[in-house]
Amino acid sequence: EVFWAPTGATGLFDPRVVFDPYNNRWLLAAVSNAATVASSILVGISNTSDPAGTYTLFTFDADPGPTDANDEWADYPMIGFNTDKVAISVNMFNFAGTMFTEGRLLVLDYPLLRGMVPVASASYFHSGAAVPSGISLANGGFCMHPVFTYSSTELTLYFVSHMSSAGAMYRLTRLTGTQPGGLTLTIGASTIRPGGGWVTLSNNLLPQAPEPPGGIGGTAELEAQDAQI
């Protein structure tokens, strides 16, 4: 929590880090203050290409008004980018943590983010926003992951949703347009991957390189939570 301390958020969890090789920046996301009205989405960007250098950090209310009842909290942030957009998707739950309510997107203007002034450009896609997301459980709203776009010219930001491993089913959603106010989210149809279904992995079973000399000993396997298409 020391790293995110300037944001004032507490109870940090689920950090994410990705490197953009086209702009030479590290992009970070996390969430905080679970199951409270202070639930926040945290965003960071490195000021240079040095991962150990300085960062600029921002915090966004996960359930902002005035149309929201401020009765949901954000879990499991997923971050992606293209040449002009950075998106953080989250799973929203009621305060009891017993019910998934919707998927939610926070979209930032990437050039403004690199200029350290993204707040005015922030766009939300969710049920209480001026532009509702329609991202429900039925249409792939749960864990709808924005992709890492390795292109300096691609203007469409894609999102992938895992629908069914046994049925080889997924959704590909698209975010097009420009900010502020000109974004369009198009939820993709359920699509079946040719070649049949895949196995949903779980537990500590993925291999990784042995620890270097002086490590704590042994080779721990990586935990796999799902198919991660």
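We now turn to the structure provided with this report. (Residues numbered from 1 in each chain as written. Predicted model: local features only at pLDDT ≥ 70, side-chain atom pairs only at ≥ 80, totals over all residues. Heavy atoms only, no water.)

### Some details on the overall build of the protein chain
What counts is decided by this rule: Runs of E in the DSSP output that reach at least two residues are strands. Runs of H or I that reach at least four are helices, and both are numbered from the N terminus. Each residue is placed in one exposure class: buried if its accessible area under a 1.4 Å probe, protein chains only, is under 20% of its type's maximum, exposed if it is over 50%, and partly exposed if it falls in between. In this analysis, two residues are considered to be in contact whenever any of their non-hydrogen atoms come within 4.5 Å of each other. To be clear on the numbers: accessible area is Shrake-Rupley with a 1.4 Å probe, and residue cover counts the displayed protein chains and nothing else.
Helix and strand counts for the protein chain come out as one helix and 15 strands. Counting across all 229 residues of the protein chain, residues that qualify as buried make up 42%. Sequence-distant contacts in the protein chain: of pairs separated by 6 or more residues, those separated by 24 or more amount to 48%. Per element, the accessible surface of the protein chain, about 11100 Å² overall, is 60% carbon and sulfur.

### Digging into the sheet that holds strand 7 (residues 100–109)
The condition that has to hold: At least two bridges found by DSSP between two strands is the condition for calling them paired. Under this scheme, a helix contributes an axis fitted over its contacting stretch, all axes are lines through C-alpha atoms, and angles between N-to-C directions fall in the 0 to 180 degree range.
Pairing is antiparallel in the open sheet, where four strands are placed in the order 5-6-7-8. Strands with a single pairing partner mark the edges of an open sheet, and in this sheet they are strand 5 (72–81) and strand 8 (123–125). Direction aside, the axes of adjacent strands within the sheet are offset by 25° on average. As judged from the eight bridges shared by strand 5 and strand 6 (residues 85–94), these two strands associate in the antiparallel manner. Looking at strand 6, one finds that Asp75 is bridged to Asn91.

### A look at the sheet that holds strand 3 (residues 40–46)
The strand order across the open sheet formed by four strands is 1-2-3-4, and the pairing between neighbours is antiparallel. Looking at the sheet topology across the chains shown, the edges are occupied by strand 1 (13–20) and strand 4 (55–61). Strand after strand, the sheet turns through a mean of 15° between neighbouring axes, direction not considered.

### Observations regarding unusual backbone geometry
Its identity is not glycine, yet Tyr76 carries a phi of approximately 55°, on the positive side. Position of Tyr76 among the secondary structure elements: in strand 5. For Tyr76, a relative accessible area of 24% translates into the label partly exposed. If you check the backbone angles, Cys143 has positive phi at about 55° while not being a glycine. Inspection of the secondary structure puts Cys143 in the loop between strand 8 and strand 9 (145–146).

### Examining the pattern of salt bridges
Selection rule: What counts as a salt bridge is simple: a side-chain nitrogen of Lys or Arg found within 4 Å of a carboxyl oxygen of Asp or Glu.
On inspection of all chains with the given rule, the structure shows four salt bridges. A salt bridge links Arg104 to Asp63, with the nearest nitrogen and oxygen atoms 2.9 Å apart. With Arg104 in strand 7 and Asp63 in the loop between strand 4 and strand 5, this residue pair connects regions lying 41 residues apart in the sequence. On the accessibility criterion, Arg104 (1% relative accessible area) is buried. Of the residues examined, Asp63 reaches a relative accessible area of 1% and is grouped as buried. The closest approach of N and O atoms between Lys85 and Asp84, which form a salt bridge, is 3.0 Å. Across the pair, Asp84 and Lys85 agree in class, each one buried. Overlapping salt bridges, with partners in common, bring together Asp63, Glu72, Glu102 and Arg104 in one network.

### Here's the deal with the pairing of strand 7
Across the 10 residues that make up strand 7, a large majority, nine, are buried. Sheet topology note: the strand 6/strand 7 ladder contains nine bridges and is antiparallel. When the sheet's bridge partners are listed, Met92 is paired in strand 7 with Glu102. What sits between strand 6 and strand 7 in their antiparallel hairpin is a turn of five residues, with Gly97 showing a positive phi close to 70°. In terms of strand pairing, strand 7 meets strand 8 through three bridges, oriented antiparallel. Of the residues in strand 8, the one forming a bridge with Val107 is Ser123.

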